[in-house]
Amino acid sequence: MSALGVEASPVSTSSLRPMREGDLDAVMAIEQRAYPFPWTRGIFKDCLKAGYPSWVLTEHGLVIGYGLLSIAADEAHVLNICIAPERQGRGLGRYLLRALVKIARDLRVQRVFLEVRPSNPGAITLYHSEGFNEIGRRPRYYPARDGREDALVMAIELVADDITTMPPL
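None of these values were measured; they are calculated from a predicted model.

**Section: the sheet that holds strand β2 (residues 54–59)**
Phase 1 of the analysis: Strand order in this open sheet of seven strands is β1-β2-β3-β4-β5-β7-β6, and the pairing throughout is mixed. Two strands in the sheet have a free side with no partner beyond their single neighbour: β1 (14–18) and β6 (133–144). With direction set aside, neighbouring strand axes in the sheet form an average angle of 25 degrees.
Phase 2 of the analysis: In terms of strand pairing, strand β3 (residues 62–72) meets strand β4 (residues 75–83) through eight bridges, oriented antiparallel. Residue Y66 lies in a different strand from β4, and its bridge partner there is C82.
Phase 3 of the analysis: The strands touched by helix α3 (residues 92–106) within the sheet are β1, β2, β3, β4 and β5 (111–116), with β4 carrying the most contacts at an inclination of about 160 degrees.

**Some words on the packing of α3 against helix α4 (residues 121–129)**
Phase 1 of the analysis: Between α3 and α4, whose axes approach to 11 Å, the crossing angle comes to 50 degrees. Taken together, the axes of α3 and α4 lie oblique to each other. Handedness of the crossing formed by α3 with α4: right-handed. Counting all contacts with α3, which are made through G93, R94 and L97, the residues of α4 involved are L126, Y127 and S129.
Phase 2 of the analysis: Each residue belonging to the contact of α3 with α4 can be placed in one class, and the counts come to three nonpolar, two polar and one charged.

**Looking at the nonpolar core**
Taken as a class, soluble globular proteins show a tendency for nonpolar side chains to be buried jointly.
Phase 1 of the analysis: The biggest cluster of nonpolar side chains holds 31 residues, and the ones touching the most others in it are V112, V116, Y127 and F132.
Phase 2 of the analysis: Of all the secondary structure elements, the ones that give two or more residues to this core are β2, β3, β4, α3, β5, α4 and β7 (147–157).
Phase 3 of the analysis: The biggest single contributor to this core is α3, with nine residues.
Phase 4 of the analysis: Setting aside chain neighbours within four positions, we find F132 in contact with L97, V101, V112, L114, Y127, M154, A155 and I156.
Phase 5 of the analysis: In terms of nonpolar packing, the next biggest core, distinct from the first, is built from 13 residues, I30, C47, V63 and L68 among them.

**Digging into helix α1 (residues 24–34)**
Phase 1 of the analysis: Taken together, the buried positions of α1 are L24, V27, M28, I30 and E31. Taken around the axis of α1, the buried residues stretch over an arc of 165 degrees, which confines them to a single face. Of the exposed residues in α1, those oriented more than 90 degrees away from the buried face are D25 and Q32.
Phase 2 of the analysis: Those residues of α1 that are buried lie in contact with α2 (41–50), β2, β3 and β4.

Rules of the game
- Residues numbered from 1 in each chain as written.
- Predicted model: local features only at pLDDT ≥ 70, side-chain atom pairs only at ≥ 80, totals over all residues.
- Heavy atoms only, no water.
- Pairing = 2+ DSSP bridges.
- Helix = DSSP H or I, 4+ residues; strand = E, 2+ residues; numbered from the N terminus.
- Axes fitted to C-alpha atoms, helices over the stretch in contact; angles between N-to-C directions.
- Contact = heavy atoms within 4.5 Å.
- Parallel < 35°, antiparallel > 145°, perpendicular 65-115°, else oblique.
- Left-handed = near helix turned anticlockwise from the far one by under 90°.
- Nonpolar A, V, L, I, M, F, W, Y, C, P; charged D, E, K, R; others polar.
- Core = buried A, V, L, I, M, F, W, Y, C linked by side-chain atoms within 4.5 Å.
- Buried < 20%, exposed > 50% of the residue type's maximum accessible area, 1.4 Å probe, protein only.
- Arc of directions from axis to C-beta.

Geometric descriptors of this kind do not, in isolation, establish any biological role.
Structure representation (structure tokens):
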């Protein structure tokens with residue numbers, strides 16, 4: 001188990017720690033490689049300034065991924081989660097997602113939301129396999145080469161650890 005209480009990272013030399021402003025050059029380099037329409041440095045800085053739970057995944061001291069949450073009342077929203085493209089496909093995204101959900105659970109969040117592009121089947125598969133369900137669609141949410149792309153809205157309900165089965169209806 002890691003310091004966050006999630007299973008060990010798939011790569012023994014990687015670890016999670018809170019994101020700092022000094023990480024933004026590395027974060028931006030990954031963001032720009034991973035997305036055709038990346039977040040700006042200002043968005044990341046605003047998230048840090050607002051105190052949003054923001055984490056980096058490092059390997060040998062180098063940032064290889066990151067995740068950010070916003071939390072309000074009993075709900076959390078995964079704002080951004082990304083693994084460097086050259087490090088994808090090794091279970092690191094799953095590890096990072098589980099860590100973010102664990103952080104939300106520890107903060108007594110009852111549900112976690114996220115948006116994902118319908119054109120990102122790998123992410124959709126990951127989210128479904130971790131218990132997220134599609135609950136809606138945001139029309140024209142993301143910028144796209146030919147205009148705008150919808151977002152699938154997904155959510156997971158976090159139940160108390162002592163519930164092992166759902167109660168009967």
